[in-house]
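Chain by chain, the residues run as shown.
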Amino acid sequence: MREEMRDQLVYREGEEEAEKEKDPQRCRIGFPHKSVVVVGYALTSKKTKSFLQPKLEGLARNKGILFVAIDHNRPLSDQGPFDIVLHKLSGREWRQILEDYRKTHPEVTVLDPPDAIQPLHNRQSMLQAVADMDLSDSYGKVGVPRQLVIKRDASSIPDAVTDSGLKLPLVAKPLVNDGSVKSHQLSLAYDRYSLQKLEPPLVLQEFVNHGGVLFKVYIVGEAIKVVRRFSLPDVSKRELSETAGVYRFPRVSCAAASADDADLDPSIAELPPRPLLERLAKELRRRLGLRLFNLDMIREHGTRDRFYVIDINYFPGYGKMPEYEHIFTDFLLSLVEAKYKKRSG
């Protein structure tokens, strides 16, 4: 966001208190002149704590952005007025409330449309947009691992895997991705008979050796930020032949597992090419209809340009993203600026 826009979003001295008396929640003086951008947020307490950190709120205030908690006990239409609604709550009732609100308040930007988020809550549909793209250009190729969905009957898994032609080892992930700790727990299965120990509904993905490092690609509108995280280690052919069973792992891509400062082989540590990420992000924004999400990407070990997307998450833990405060606040201001230009154009 340009410096003059930042300056325009500061209150005019002497008018702030007068405007507050007219409307205690908003000091609307008319964009793009002096105004406040009001962002209503509906987040879990855990998400609120990780996202709305003091540094973000302080920077937002300096840029003229006010975060206001949405009261779940009051009708949404009775609250505000809001310029933007940020949300990450689950449940059919909440989705309906938001959809109704979007229809009656088209002037408010809802991040993001509930119907667009839904496919990311199911790992069967989560990666479909990437699979449909099969992105390949001079900078590399991006695909998804071969996978199989098992909805019930664990005893049928070995035969289903054989019939599908999936190769061991296999990563097992819960089918539902609702942001809970359980939905991010992984298992690695080394032999087909141990697959019966897994608990459907789940998705089985072929494990791709990737040097034990994954890339978390954070997307905020058109901004892209990439960080390295430690991941599951490679599995050798010898290890596969000598190992049996199912091994469970907690969430592997957590803040404590940062690999950004680790002494890694350059062929493993090298970030995916920027032009490839920009094309991928642009196409996914269009196909998914989302502006706030992240990708977990891996590079196939032994290659330089073969990448796989293994997970997509809506409104991820931006608090772990470097410089997220500046990136996010600039993004919010750009939404309001774009809407103002559209109205006045």
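Here, residues in each chain are numbered from 1, in the same order as that chain's written sequence. At least 70 in pLDDT is required for a residue's local features to be given in this predicted model, at least 80 for side-chain atom pairs to be given and counted, and no such filter applies to totals for whole chains, interfaces and linings, which use all residues. No hydrogens and no water enter the side-chain calculation; it runs on all heavy atoms of the structure.

1. Digging into the sheet that holds strand β1 (residues 37-43)
Line of reasoning, step 1. Criterion used throughout: strands pair if DSSP finds at least two bridges between them. Think of it this way: any DSSP run of H or I at least four residues long counts as a helix, any run of E at least two long counts as a strand, and we number them from the N terminus. Strands sit in the order β2-β1-β3-β4 across an open sheet of 4 strands; the sheet is parallel. A strand with exactly one partner marks an edge of an open sheet, and here the two such strands are β2 (65-69) and β4 (109-111). For this sheet, the mean angle separating the axes of adjacent strands, direction not counted, is 25 degrees.
Line of reasoning, step 2. With 5 bridges connecting them, β1 and β2 associate as parallel partners. Only the stretch in contact is used when a helix axis is fitted, and all axes are lines through C-alpha atoms; the angle between N-to-C directions ranges over 0 to 180 degrees.

2. Observations concerning the UniProt feature "binding site: Mg(2+) 1" (unreviewed entry) in the chain
Line of reasoning, step 1. UniProt positions are given in the numbering used here, feature names are shortened, and annotations may be inferred rather than shown by experiment. UniProt feature "binding site: Mg(2+) 1" (unreviewed entry): in the numbering of this structure it lies at D296 and D311. The greatest C-alpha distance among the residues just named is 5.1 Å, despite their covering 16 residues of sequence, which places them together in space.
Line of reasoning, step 2. By the secondary structure assignment, D296 is in strand β14 (residues 292-299).
Line of reasoning, step 3. Summary of the burial criterion: residues with accessible area below 20% of their type's maximum are buried, those above 50% are exposed, and those between are partly exposed, where the area comes from a 1.4 Å probe applied to protein chains only. Judged by relative accessible area, which is 5%, D296 ranks as buried.
Line of reasoning, step 4. With respect to the helices and strands, the residue D311 is situated in strand β15 (residues 306-314).
Line of reasoning, step 5. Here, residues are in contact when the closest pair of their heavy atoms is within 4.5 Å. Leave out the neighbours within four places in its chain, and D311 touches R123, M126, L127, K173, N294, L295 and D296.
Line of reasoning, step 6. Of note is the side chain of D311, whose polar atom sits 3.2 Å from the side chain of R123. For the purposes of these results, a polar contact is taken to be a pair of N or O atoms within 3.5 Å, where, inside protein, one atom must be able to donate a hydrogen and its partner to accept one; residues adjacent in sequence count only when each atom of the pair is a side-chain atom.

3. Quick notes on the nonpolar core
Line of reasoning, step 1. Membership of the largest hydrophobic core comes to 59 residues, with the highest contact counts inside it found for F51, F67, L86, L292, L295, M297 and Y318.
Line of reasoning, step 2. At 8 residues, the largest contribution of residues to this core is made by helix α13 (residues 324-344).
Line of reasoning, step 3. Residue ranges for the domains trace back to a domain assignment, done automatically or taken from a database. Split by domain, this core shows at least three residues from each of two domains, domain 1 (37-112 + 331-344) and domain 2 (119-314).
Line of reasoning, step 4. A154, V161, L166 and L170 belong to the second largest nonpolar core, which has 14 residues in total. For our purposes a nonpolar core is just a set of buried Ala, Val, Leu, Ile, Met, Phe, Trp, Tyr and Cys residues, chained together by side-chain atoms within 4.5 Å.

4. Let's talk about the sheet that holds strand β10 (residues 202-206)
Line of reasoning, step 1. Spatially, the 5 strands line up as an open sheet ordered β7-β10-β8-β9-β13, and their pairing is antiparallel. Where the open sheet ends on each side, the last strands, each with one partner, are β7 (147-150) and β13 (246-249). When the angles between neighbouring strand axes are averaged without regard to direction, this sheet yields 25 degrees.
Line of reasoning, step 2. In the sheet, β7 pairs with β10 via 4 bridges, with the strands oriented antiparallel. Its bridge partner being in β10, Q147 is matched across the sheet by Q205.
Line of reasoning, step 3. Each of β7, β8 (170-174) and β10 is contacted by helix α9 (residues 157-164), which is oriented at about 150 degrees to β7, the strand it contacts most.

5. Concerning unusual backbone geometry
Line of reasoning, step 1. In this model, L168 is joined to P169 through a cis peptide bond whose omega is -5 degrees.
Line of reasoning, step 2. In this fold, P169 is placed in the loop between α9 and β8.
Line of reasoning, step 3. For the bond running from P200 to P201, omega is 0 degrees, close enough to zero to count as cis.
Line of reasoning, step 4. With respect to the secondary-structure elements, P201 resides in the loop between β9 (186-189) and β10.
Line of reasoning, step 5. At D134, a position not held by glycine, the phi torsion is positive, near 50 degrees.
Line of reasoning, step 6. For D134, the location among the structural elements is in the loop between α8 (128-133) and β5 (136-137).
Line of reasoning, step 7. Judged by relative accessible area, D134 falls into the partly exposed class, the value being 43%.
Line of reasoning, step 8. In this structure, F315 is a non-glycine residue whose phi angle is positive, near 40 degrees.
Line of reasoning, step 9. Mapped onto the secondary structure, F315 falls in the loop between β15 and α13.

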